[in-house]
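Structural characterization, general
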Amino acid sequence: MTASIIDGKAIAAELRARVASEVARVKRDHKLLPGLAVVLVGNDPASEVYVRSKHKQTQDAGMASFEHKLPTDVSQDDLLALIGTLNRDPAVHGILVQLPLPKSIHTETIINAIDPAKDVDGLHPNNAGRLAGGFAALAPCTPLGCIILSKSVHTSLEGMNAIVIGRSNLVGRPLLQLLLNENATVTIAHSRSRDLPKLTARADLVFAAVGKPEMVRGDWIKPGATVIDVGINRLPGADGGKPRLVGDVAFHEAVKVAGAITPVPGGVGQMTVACLLVNTLRAACAIAGLPKPGV
Ligand code: GUN
């Protein structure tokens, strides 16, 4: 058996097109131009690539994009002052502070300073708490993308056994909540979990979000299961050549056992920015008192 490959690139492109069409509608009917501000501190090359991609895709969707680049040695007070300005700016409906931040800055203080109504990363305790309580909330983008990819295979996740490997605030924990909202039965596993292969073998849906290259092996996977690989790990290329991107799942093994699987690259990574556009549009509509958009 060979798994079908879940085409994150195509699914993300379709989602971006739906966002663009809704943006055009709110502009035309309500004179509302959704705006996203991205704040980048320092010059980490990987973060710069992400921020450039966010900027381009935001503009391509017809929204306003505001980029704020600050030096690595910016003070926490100056960063807080910028967030205060963005919180008050009526042209800004979404604020994303690219993580990780330099060690001199207390990440939690920065996240807590973002207006929860503009928190398109879904990391503010108000949004995390609302999500955990089952209330309407802005949810983190990568887990939202994981749910959309899962539902491209299964129209309903109700009653399915899901395992989430990893418990980060950005992926594992919010993904657990979103899966519960879909009525899945969820196990959340982590570095201290016992017998991970056995836990994984029970799952119809496997979400790997640990940041360890190819940790999940093919013989852990239940035949026919759907595998969503959140990992993006850069490995040195053979003979000093180009670095190789691999996920948290040993794809070459799992593809022989799973029913459907996401590739790396071309899977979850593509969905994260598309979901950021969705959250920005939703935040803009909510702030303007409009009904939830059709995306
Ligand atoms: N760095 C890597 N992924 C993310 C993300 O989803 N949001 C933020 N703010 N920073 C990130």
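Each remark here, short or long, concerns the structure printed above.
Since this is a predicted model, take the numbers as computed values, not measurements.

Reported here for the largest pocket is a volume of approximately 1200 Å³. What lines the largest pocket is a set of 44 residues, and nearest its centre among them are Y50, T142, I232, G269 and T272. Where the lining of the largest pocket is concerned, the elements lending two or more residues are α2 (45–60), β4 (94–97), α6 (141–151), β9 (233–235) and α10 (268–287). Counted by class, the lining of the largest pocket contains 23 nonpolar, 14 polar and seven charged residues. Size it by volume and the second largest pocket reaches roughly 920 Å³.

This brings us to the packing of α6 against α10. Packing of α6 against α10 brings their axes to within 8 Å, and their N-to-C directions diverge by 110°. In terms of orientation, α6 lies roughly perpendicular with respect to α10. In terms of crossing hand, the pair formed by α6 and α10 is right-handed. Contacts between α6 and α10 involve C141, T142, L144, G145, C146, I148 and L149 from the first element and V268, M271, T272, C275, L276 and N279 from the second. Each residue belonging to the contact of α6 with α10 can be placed in one class, and the counts come to nine nonpolar, four polar and no charged.

Next up on the list: helix α1 (residues 8–30). Look at α1: 32 Å from first C-alpha to last across 23 residues, which is about the 33 Å you get at 1.5 Å a residue. Listing the buried residues of α1 in full gives G8, I11, A12, L15, V19, E22, V23 and V26. Trailing α1 by a residue or two, K31 shows a phi angle of about 50°, which is positive.

Let us now look at a nonpolar patch on the surface. Residues Y50, I232 and L245 make up a contiguous nonpolar surface patch of roughly 260 Å² in combined accessible area. As for its placement among the helices and strands, L245 is situated in strand β10 (residues 244–246).

What counts, and at which threshold
Residue numbering note: each chain is counted from 1, following its sequence as written. Local features are withheld for residues below a pLDDT of 70 in this predicted model, meaning they are given only at 70 or higher, and side-chain atom pairs are given and counted only at 80 or more; totals for whole chains, interfaces and linings count all residues. To obtain the side-chain values, all non-hydrogen atoms of the structure were included, while hydrogens and water were left out. A cavity, in this analysis, means grid points on a 1 Å lattice covering only the protein atoms where a 1.4 Å probe fits yet has no way out; a pocket is instead an open set bounded by protein on both sides within 12 Å along at least five of seven lines, and a residue lines either one if it has an atom within 4 Å of a point. Grid points are joined across faces, edges and corners, and a volume is the space filled by probe spheres set on the points. In this text, helices come from DSSP runs of H or I with a minimum length of four residues, and strands from runs of E with a minimum of two, each type numbered from the N-terminal end. Note on residue classes: Ala, Val, Leu, Ile, Met, Phe, Trp, Tyr, Cys and Pro are nonpolar, Asp, Glu, Lys and Arg are charged, and everything else, Gly too, is polar. Note on geometry: axes are C-alpha line fits, over the in-contact stretch for helices, and angles between N-to-C directions span 0 to 180 degrees. Should an angle fall under 35 degrees it is called roughly parallel, over 145 degrees roughly antiparallel, and 65 to 115 degrees roughly perpendicular, with every other angle called oblique. Each crossing gets its hand from how the near helix is turned against the far one by less than a right angle, where anticlockwise is left-handed and clockwise is right-handed. Note on contacts: a residue pair is in contact if any heavy atoms of the two residues lie within 4.5 Å. A helix is expected to span 1.5 Å multiplied by its residue count minus one. Working definition: with a 1.4 Å probe on protein chains only, accessible area under 20% of the residue-type maximum means buried, over 50% means exposed, and in between means partly exposed. Two distance rules govern patches: like charges are joined within 9 Å, and nonpolar side chains (Val, Leu, Ile, Met, Phe, Trp, Tyr) within 5 Å, applied only to residues with over 30% relative accessible area and no salt bridge. Shrake-Rupley sampling with a 1.4 Å probe provides the accessible areas, and residues are treated as covered by the protein chains on show and by no other component. In the sections that follow, a salt bridge refers to a side-chain nitrogen of Lys or Arg positioned within 4 Å of a carboxyl oxygen of Asp or Glu.

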